[in-house]
Amino acid sequence: CIHDEKGHIYILNNQAQSILNINTDEIKQSSIKQISSPLMNMSDLDLIWNDVLQGKPRVFDWTISQLHTQKEIYVQISLNRISWNGKNLLVAVIRDFSERIEFEQELIKAKESAEESKKNLQFKNDEYESLNEELRQTNEELMYAKEKAEESDKLKSVFLQNMSHEIRTPMNAIVGFSEFLNDVELSDEKRKSYTSIIINSTHQLLS
């Protein structure tokens, strides 16, 4: 892309026309500033332009907007001054780096996404560790409760055995001596003795 000293486009080769989306009739009506993205600092461009006019070649990254689509294209520009027919012209070799920039942006997004995933995984891992600790404590509590329940069950069994023994002994006496009272030939002295045993066993049973 060849410009005059003021930045007006003088000549574009076919590849540059394709990149900038400019047809042949529009070339001389355009300038470097017209095709620059509004996001670019034109003061920076003025400084670069002046350096090149003074014979200092510059290579810089820039963003241009296609004339009709306004699509932004990321480019690297190598800018040099040449003299031709007594005029100073500036030759810009434009390299389209859009795909590279888009790839780099995708890499940045992928990295950010990976970091976010890592944070989420770490958060989930912390949650799982906390849950595991809660489950461990709950398991210990359940084991303790199970041991207590087994101990209680053993105590209950012992208690029932003791109660059975304590109840059966006086009950046997009551049942046995009550049957003896049915004997018609039983003497009054034995009847009183058996009755006393029955009464004492009853009191023992109630106690």
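One can find the structure itself at the top, above this paragraph.
Just so you know, these numbers come straight off a predicted model, no measurement behind them.

Caption draft 1: Fine view of a nonpolar patch on the surface. A contiguous nonpolar patch, built from F159, L160, M163, I167, M171, V175 and L205 and spanning about 580 Å² of accessible area, is present on the exposed surface. Looking at the nonpolar patch element by element, the count peaks at 6 residues for helix α3 (residues 98–180). By the element assignment, M163 lies in helix α3.

Caption draft 2: Molecular detail of the nonpolar core. Within the largest apolar cluster, 23 residues are counted, with the highest numbers of intra-cluster contacts made by L12 and L79. The set of elements that each furnish at least two residues to this core consists of α1 (14–20), α2 (42–53), β3 (58–65), β4 (72–84) and β5 (87–96). In this view, L12 contacts C1, Q17, L20, I22 and I27; residues no more than four positions away in its chain are not counted.

Caption draft 3: Examining the pairing of β4 more closely. Both β3 and β4 contribute to a ladder of 8 bridges, which runs antiparallel. By the bridge assignment, V59 is partnered in β4 with S78. Counting the residues between successive antiparallel strands, the hairpin from β3 to β4 contains 6 residues, one of them, Q70, with a positive phi of roughly 60 degrees. The sheet contact formed by β4 and β5 spans 10 bridges and is antiparallel.

Caption draft 4: Quick peek at the sheet that holds strand β1 (residues 2–3). A sheet is described by the order of its strands in space; here 5 strands give the open sequence β2-β1-β5-β4-β3, paired in antiparallel fashion. Both outer strands of the open sheet, β2 (9–11) and β3, are each paired with one neighbouring strand and no more. Packed onto the sheet, α2 meets β1, β3, β4 and β5 and runs at close to 140 degrees relative to β3.

Caption draft 5: Geometry of the pattern of salt bridges. Applying the stated criterion across every chain, the model contains 8 salt bridges. Between R58 and D51 there is a salt bridge, with its nearest N and O atoms 2.7 Å apart. Since its relative accessible area comes to 28%, R58 is described here as partly exposed. Assessed through its relative accessible area of 24%, D51 is described here as partly exposed. A salt bridge links K156 to D153; the nearest nitrogen and oxygen atoms lie 3.6 Å apart. Of this pair, K156 and D153 both sit in helix α3, 3 residues apart, roughly one helical turn. According to the relative accessible area criterion, K156 is partly exposed, its value standing at 46%. Beyond isolated ion pairs, a larger network of salt bridges with shared partners links E133, R136 and E140.

Conventions used here
- Residues numbered from 1 in each chain as written.
- Predicted model: local features only at pLDDT ≥ 70, side-chain atom pairs only at ≥ 80, totals over all residues.
- Heavy atoms only, no water.
- Patch = residues over 30% accessible without salt bridge, like charges linked within 9 Å, V, L, I, M, F, W, Y side chains within 5 Å.
- Areas by Shrake-Rupley, 256 points an atom, 1.4 Å probe, with all protein chains shown as cover.
- Salt bridge = Lys/Arg side-chain N within 4 Å of Asp/Glu carboxyl O.
- Helix = DSSP H or I, 4+ residues; strand = E, 2+ residues; numbered from the N terminus.
- Core = buried A, V, L, I, M, F, W, Y, C linked by side-chain atoms within 4.5 Å.
- Buried < 20%, exposed > 50% of the residue type's maximum accessible area, 1.4 Å probe, protein only.
- Contact = heavy atoms within 4.5 Å.
- Pairing = 2+ DSSP bridges.
- Axes fitted to C-alpha atoms, helices over the stretch in contact; angles between N-to-C directions.

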